[in-house]
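# Structure assessment
As a plain string of letters, each chain reads:
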Amino acid sequence: MMKAITVEPKKPGTVRLEDIPEPDVRDGSILVEAVAAAVCGTDIEIAEGKYGWAPPGRARLVLGHESLGRVIDPGTSASFKKGDLVAELVRRPDPVPCPNRGVGESDMCRNGRYTERGIKEIDGFMSERWRIEPEYAIKVDPTLGILGVLIEPTTVIIKALEQVLAVGQRSFWEPKTLIVTGAGPIGLLAAAVVLKNNVVVGSVNANKRHWYKASERLARLDRKWLSRLITRFETPENFKEALERQPDDIKVVIQFSEV
C-alpha cells in the first residue's frame, strides 16, 4: 500500500490522504517514486467539487497533474534508467480517430473523449509512487532539481507561443509587446472587447512536442528566478493547506520526497 491524496469528484470536502494499492503494472512499465506535485487552480476546483471525473468503476480520483518523479524501475524501456528525473504527459488521446490525432496533435482533438491524469478518469500524481507508459514520459534536466515540477505549466506556455506565432503569420508582423492574462475577470474582459484584426489566443494542455520543448526551455532559465515562483512547499499530510489559496501564493508544491 502507499499514501495518496484522493477526492470524490463533484463532492466538495471529500479530499483526504489515504492508503491505496500500489500502481498496477498495466498502468505503465516505468515505476516512479514521486518527488513533488504542484497545485494549480484545476486541483482546487476539483477539491471544491466543481470539476473532475473518477476512473471508470471507482468513486475516487488521485489528484495532481503537475508531476515530478524519480525512476525506480525503468522496466522494459531502454530510454530511461534508474534515478532519472521524469514528468508525464497529462492528456491521453481521444480513442475516436480524428485528423488532429493523425498528425500528432491529440491535444487538439474535438471529440471530447480524451482522458487526463488527475483530472478526468485517470489517477494523478499526488501519490507516493506512480507508473508511466514510456511514450508519455519526459526526462527532466537533473540540474533543475525540485524546479522540474514546473514543466507542465511551461508546456502550456510553449503551446500558447506556437499558437500566437501561427496567428501572427497571417500578415506582416513585427511584435514588440506581449500581454499575458488569465481566465479571470481581466482575461474575460479582454476577450469581450476584441475588435478589428485582433485575436485572443487561449492555451490548455499540450502534446509531446510541447513537453519536449518545455523541458529544454525550462532547463535554460535562471534557477534563482524560477525558485521564486514556488512560494510554498507542503507535505502530503498538509494537503488541506496546500489546496487553500493564500494572498501571496504563486505556485504551491506538495513534496513527497527529496530530489
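The present account deals with the structure reproduced in this document. All of these numbers come straight from a predicted model, not from anything done at the bench.

### A closer look at the overall build of the protein
- Check the secondary structure of the protein and you find seven helices and 13 strands.
- Over its C-alpha atoms the protein spans a radius of gyration of 19 Å, differing by no more than 12% from the 18 Å that the globule rule assigns to 259 residues.
- Dimensions of the protein, computed from C-alpha atoms along their principal axes, come out at roughly 60 × 45 × 40 Å.
- About 14,100 Å² of surface is accessible on the protein, with carbon and sulfur atoms providing 55% of the total.
- For the protein, the separation between the mean place of its 37 positive charges and that of its 36 negative charges on side chains is 5 Å.

### Section: the pattern of salt bridges
- One pass over the structure, following the stated rule, counts 22 salt bridges.
- Between Glu 22 and Arg 129 there is a salt bridge whose closest N-O contact spans 2.7 Å. Here the residue Glu 22 occupies a position in the loop between strand S2 (16-20) and strand S3 (30-39), and Arg 129 occupies one in strand S10 (residues 129-132), the gap between them amounting to 107 residues.
- Arg 209 is the partner of Glu 162 in a salt bridge, and the nearest nitrogen-oxygen pair spans 2.8 Å. Placement of the pair is Glu 162 in helix H3 (residues 151-168) and Arg 209 in helix H5 (residues 208-220), with a sequence separation of 47 residues.
- For Glu 162, a relative accessible area of 22% corresponds to the partly exposed category.
- Within the structure, one salt-bridge network assembled from shared partners comprises Glu 88, Arg 92, Arg 117 and Glu 133.

### What to know about the sheet that holds strand S7 (residues 91-92)
- As summarised here, the arrangement of the three strands in space is S7-S8-S9, forming an open sheet in which the pairing is mixed. The outermost strands of the open sheet, each flanked by one partner alone, are S7 and strand S9 (121-122).
- With two bridges joining them, strand S8 (residues 115-117) and S9 adopt parallel strand pairing. Bridging from a neighbouring strand, Arg 117 pairs with Ile 122 of S9.

### What to know about the sheet that holds S2
- Strand order in the open sheet formed by three strands is S2-S1-S4, with antiparallel pairing between adjacent strands. Edge positions in the sheet fall to S2 and strand S4 (61-62), since each has one partner strand and no second.
- Taken together, the two bridges between strand S1 (residues 2-7) and S4 define a ladder with antiparallel strand orientation. Each bridged residue has a counterpart across the sheet, and for Val 7 the counterpart in S4 is Leu 61.

### Here we look at H3
- When the terminal C-alpha atoms of H3 are compared, their 26 Å separation across 18 residues agrees well with the 26 Å that a helix rising 1.5 Å per residue should span.
- Among the residues making up H3, those that are buried are Ile 151, Glu 152, Thr 154, Thr 155, Val 156, Ile 158, Lys 159 and Gly 168.

### Notes on the packing of H3 against H5
- Between H3 and H5, whose axes approach to 8 Å, the crossing angle comes to 110°. As summarised for this structure, H3 and H5 are arranged roughly perpendicular, according to the angle between their axes. The interaxial crossing formed by H3 with H5 has right-handed handedness. Counted together, Ile 151, Glu 152, Thr 154, Thr 155, Ile 158, Lys 159, Leu 161 and Glu 162 of H3 and Arg 209, His 210, Trp 211, Lys 213, Ala 214, Ser 215, Arg 217 and Leu 218 of H5 form the full contact between these two elements.

### Focus: H5
- For H5, built from 13 residues, the straight-helix expectation of 18 Å at 1.5 Å per residue is met to within 8% by its first-to-last C-alpha distance of 19 Å.
- The set of residues buried in H5 consists of His 210, Trp 211, Ala 214, Ser 215, Leu 218 and Ala 219. Looking straight down H5, one finds that the buried residues subtend no more than 160° of arc, so they occupy a single side. Turned more than 90 degrees from where H5 packs its buried face, Tyr 212 and Arg 220 sit exposed.
- Residues of H5 that are buried in the fold lie against strand S6 (85-88), strand S11 (137-139), H3 and helix H6 (223-227).
- The backbone nitrogen of Arg 209 lies 3.0 Å from a side-chain oxygen of the residue at the head of H5, namely Asn 207.

Rules used throughout
- Residues numbered from 1 in each chain as written.
- Predicted model: local features only at pLDDT ≥ 70, side-chain atom pairs only at ≥ 80, totals over all residues.
- Heavy atoms only, no water.
- Helix = DSSP H or I, 4+ residues; strand = E, 2+ residues; numbered from the N terminus.
- Rg over C-alpha atoms; globule rule 2.2 N^0.38 Å.
- Areas by Shrake-Rupley, 256 points an atom, 1.4 Å probe, with all protein chains shown as cover.
- Lys, Arg positive; Asp, Glu negative; His and termini not counted.
- Charge placed at Lys NZ, Arg CZ, Asp CG, Glu CD.
- Salt bridge = Lys/Arg side-chain N within 4 Å of Asp/Glu carboxyl O.
- Buried < 20%, exposed > 50% of the residue type's maximum accessible area, 1.4 Å probe, protein only.
- Pairing = 2+ DSSP bridges.
- Expected span 1.5 Å × (residues − 1).
- Axes fitted to C-alpha atoms, helices over the stretch in contact; angles between N-to-C directions.
- Parallel < 35°, antiparallel > 145°, perpendicular 65-115°, else oblique.
- Left-handed = near helix turned anticlockwise from the far one by under 90°.
- Contact = heavy atoms within 4.5 Å.
- Arc of directions from axis to C-beta.
- Polar contact = N/O pair within 3.5 Å; in protein donor to acceptor, adjacent residues only side chain to side chain.

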